[in-house]
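# Topology and contacts: notes
So you can see what is in the structure, the chains are spelled out below.
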Amino acid sequence: AFFNSRIVMRFGTRLISQSAVLALIVLSVLHLSVVWMGWETLASYMVFQSLSMTCIGLCGSNFGAMAMEPVGHIAGTASSLQGFITSIGAVIVGTLIGQSYTGTTAPLAIGYLCIGLAVLAVVMVVEDGRLFRPLHAA
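First things first, this report covers the structure right here in the doc. (Residues numbered from 1 in each chain as written. Predicted model: local features only at pLDDT ≥ 70, side-chain atom pairs only at ≥ 80, totals over all residues. Heavy atoms only, no water.)

### So, the overall build of the chain
A tally of helices and strands in the chain yields five helices and zero strands. In the chain, the order of α-helices and β-strands from amino to carboxyl end is α-α-α-α-α. Oriented by its inertia axes, the alpha-carbon framework of the chain measures out at about 50 × 30 × 30 Å. Here the chain holds 138 residues, and the buried ones make up 29% of them. Considering only contacts within the chain whose residues lie at least 6 apart along the sequence, 73% involve residues at least 24 apart. Here the chain has roughly 8,700 Å² of accessible surface; of this, 73% comes from carbon and sulfur atoms. (Helix = DSSP H or I, 4+ residues; strand = E, 2+ residues; numbered from the N terminus. Buried < 20%, exposed > 50% of the residue type's maximum accessible area, 1.4 Å probe, protein only. Contact = heavy atoms within 4.5 Å. Areas by Shrake-Rupley, 256 points an atom, 1.4 Å probe, with all protein chains shown as cover.)

### Things to note about helix α2 (residues 13–36)
For α2, built from 24 residues, the straight-helix expectation of 34 Å at 1.5 Å per residue is met to within 8% by its first-to-last C-alpha distance of 34 Å. Two residues or fewer past α2, glycine 38 is found with a positive phi of approximately 75 degrees. (Expected span 1.5 Å × (residues − 1).)

### Quick look at the side chain of glutamate 127
Summarising the element assignment, glutamate 127 is placed in the segment after α5 (106–126). In this structure glutamate 127 comes out as buried when scored by relative accessible area, which is 11%.

Right, dumping it as structure tokens:
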């Protein structure tokens, strides 16, 4: 959170959140490659998990902040509703990933990849197919 607060002031929420989604996708593909080649160790798992969770944290906080911009006048209600919806979504997705456990970390990496691709698809729709541009870019 402290790191995010520092970089948001310099780069903006849009750049950080969209970069984090792309980084999550790349990390997930790399993690899957390591798992499928049989090279995963506890150390490699910890590195991939740490970096992936950092990306997810940057996405959640920054996309959440952007979603709250237009509803500042009812921020308390909007924040409660947003928290409820994201919590229910997280439980559903987490359950699907957890039930896919096969004795390896592949389902987790696949889950992160699917989450990243789904978020990227939503971002592409919302941003009219453009990434890394200010909200009101020409």
